[in-house]
Amino acid sequence: MNPIILGIESSCDDTSAAIIKGDIILSNVVAGQKVHEEYGGVVPELASRAHQQNIIPVVHKAMKDAGVKSGDVSAVAFTRGPGLMGSLLVGTSFAKGFALALDIPLIEVNHLQAHVLAHFIQEPDQKHEVPEFPFLCLLVSGGNSQIVLVHDFLHMEIIGQTIDDAAGEAFDKCAKVIGLPYPGGPLIDKLAQEGDPEAFEFSKPRIANFDYSFSGLKTSFLYFLRDNVKKDPDFIERHKNDLCASLQKTIVDILMDKLIAAAKKTGIKEIALAGGVSANSGLRQAFMEGEEKYGWNIYIPKFGYTTDNAAMIAITGLFKYQKKEFVGQEVAPFARMAL
Ligand code: KG4
């Protein structure tokens, strides 16, 4: 019998619950939080309160959509970290209460590991191909930019990571400078479609190994605009699309240069993409070019599994369930949990 796992995700500003049976996803409900929009970023205190309001209705809906009753659930898996402490506390406390009430195993999940394992979520109607081990995963989100060497489901190694800002942060912060609302990444992507990626050139960092840095790009973007706006107050408005296209190209080039180098060094051709920034059309395009140019097999998850979601928590829960990796009621959230 395939186990039925309830996954709970509440690490940042999305409250999510999902039901998975074996590796087949039966439901994945995500409640976003509009409350942060007017502040230009996530306000931790408000996020915790919204999770508190959302968690029960979200779990109810996930069970209803899946046609599953609480008595059918084999185990509950929850995001232990990394994330915002107040937000993590809501999901952790819910999961502990649920497991205690039903006397079922409790499984802690590392949110970053879950982003990587999202590739293994299968849909009820059609099975898709999954990466073969070992594979490389470029994990790019609002909080992380890492190249992960994935040896096995639960054995991963970071071989490169950002030493300052994450790629998503670079998108969002630069978007703010040109007057776009938070989160600016998707808007930059949209405007970039109409712009010339070669219009402007921004500096790329020179960092050793497979590590990344994005704070210098943000500063050079800011100074470039400041200098040009002095000469022409309408500079940003008149060149918005070109600015977005050139910025996007620079970020994608930075990400891809290191990934290509890592693939060459390790000899690995199974290459996966994960995290919220994987929605970026320029990055997806660059991955497809990698397939042609370097003979890679590329894996890009469905959009709904790239942003924060509980389906990825549930699939990770499944792999831990199979190994009986359970935790006790004394478990507490871990805001700075590393991969
Ligand atoms: O993984 P994720 O949902 O959660 C966090 O880590 O917070 O990633 C969100 C990040 C944000 O920085 C957002 O701007 C970025 O992913 N993002 C994008 C696109 N869609 C989302 N960045 C560039 N292009 C996109 N299409």
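Structure shown above.
Model, not experiment: these values are computed from the prediction.

(A) Just the overall build of the protein, in detail. Looking only at helices and strands, the protein features 9 helices and 10 strands. Its C-alpha atoms give the protein a radius of gyration of 20 Å, near enough to 20 Å, the size a compact globule of 339 residues would have. C-alpha atoms of the protein, sized along the principal axes, occupy 65 × 45 × 35 Å. Here the protein, with 339 residues, has 53% of them falling under the buried criterion. Considering only intrachain contacts with a sequence separation of at least 6, the fraction spanning at least 24 residues in the protein is 72%. A total of about 15400 Å² of accessible surface is found on the protein, and carbon and sulfur atoms cover 52% of it. Taken as two groups, the 32 positive and 41 negative side-chain charges of the protein have centres that lie 2 Å from each other.

(B) Representation of the site of the ligand in the model. The immediate surroundings of the ligand are formed by 17 residues, with G142, D172, D189, G276 and N280 found nearest. Within the contact set of the ligand, an oxygen atom lies 3.3 Å away from a backbone nitrogen or oxygen of G168. Within the side chain of N280, an N or O atom sits 2.9 Å from a nitrogen atom of the ligand. Burial of the ligand by the protein chains amounts to 86% of its free accessible area of 550 Å². Broken down by secondary-structure element, the contributors of at least two residues to the shell around the ligand are α4 (167-177) and α5 (185-192).

(C) Spatial organisation of the sheet that holds strand β1 (residues 4-9). The strand order across the open sheet formed by 5 strands is β3-β2-β1-β4-β5, and the pairing between neighbours is mixed. The open sheet has two free edges, formed respectively by β3 (24-31) and β5 (106-110), since each of these has just one partner strand. Adjacent strand axes in the sheet meet at a mean angle of 20 degrees when their direction is disregarded. Bridge count for β1 against strand β2 (residues 15-21) is 6 bridges, and the pairing is antiparallel. Along β2, the bridge assignment pairs E9 with S16. Each of β1, β4 (75-81) and β5 touches helix α2 (residues 85-102); the most contacted strand, β4, lies at about 155 degrees to it. Across the sheet, helix α9 (residues 311-322) touches β1, β2, β3, β4 and β5, and the angle it forms with β1 is around 130 degrees.

(D) Quick look at α5. For α5, the complete set of buried residues consists of G185, I188, D189 and A192. Around the axis of α5, the buried residues are gathered within 100 degrees of arc, so they sit on the same side. Facing away from the buried surface of α5 by more than 90 degrees, the exposed residues are P186 and K190. In the core, the buried residues of α5 are packed alongside α4, α7 (235-266) and α8 (281-294).

(E) Here's a closer look at the pattern of salt bridges. One pass over the structure, following the stated rule, counts 13 salt bridges. Between E45 and R49 there is a salt bridge, with its nearest N and O atoms 3.0 Å apart. Linking E45 with R49, this pair stays in helix α1 (residues 44-66), spanning 4 residues, or about one helical turn. The exposure class of R49 is exposed, given its relative accessible area of 52%.

(F) Main features of the sheet that holds strand β9 (residues 270-274). Pairing is mixed across the open sheet formed by 5 strands, whose spatial order is β8-β7-β6-β9-β10. Each end of this open sheet is capped by a strand with a single partner; those strands are β8 (155-161) and β10 (297-299). Strand after strand, the sheet turns through a mean of 25 degrees between neighbouring axes, direction not considered. For strand β7 (residues 145-152) and β8, the ladder comprises 6 bridges, and the chain directions are antiparallel.

(G) Layout of the packing of α5 against α7. Orientation of α5 relative to α7, taken along the N-to-C sense of each, is 110 degrees, at an axis distance of 8 Å. The orientation of α5 relative to α7 falls into the category roughly perpendicular. The handedness of the crossing between α5 and α7 comes out as left-handed. Mapping the contact onto sequence places I188, D189, L191 and A192 in α5 and K240, N241, C244, A245, L247 and Q248 in α7. When its residues are assigned to classes, the contact of α5 with α7 shows 6 nonpolar, 2 polar and 2 charged.

Here is what the cut-offs are and how they apply
Residues numbered from 1 in each chain as written. Predicted model: local features only at pLDDT ≥ 70, side-chain atom pairs only at ≥ 80, totals over all residues. Heavy atoms only, no water. Helix = DSSP H or I, 4+ residues; strand = E, 2+ residues; numbered from the N terminus. Rg over C-alpha atoms; globule rule 2.2 N^0.38 Å. Buried < 20%, exposed > 50% of the residue type's maximum accessible area, 1.4 Å probe, protein only. Contact = heavy atoms within 4.5 Å. Areas by Shrake-Rupley, 256 points an atom, 1.4 Å probe, with all protein chains shown as cover. Lys, Arg positive; Asp, Glu negative; His and termini not counted. Charge placed at Lys NZ, Arg CZ, Asp CG, Glu CD. Near = heavy atom within 4 Å. Polar contact = N/O pair within 3.5 Å; in protein donor to acceptor, adjacent residues only side chain to side chain. Pairing = 2+ DSSP bridges. Axes fitted to C-alpha atoms, helices over the stretch in contact; angles between N-to-C directions. Arc of directions from axis to C-beta. Salt bridge = Lys/Arg side-chain N within 4 Å of Asp/Glu carboxyl O. Parallel < 35°, antiparallel > 145°, perpendicular 65-115°, else oblique. Left-handed = near helix turned anticlockwise from the far one by under 90°. Nonpolar A, V, L, I, M, F, W, Y, C, P; charged D, E, K, R; others polar.

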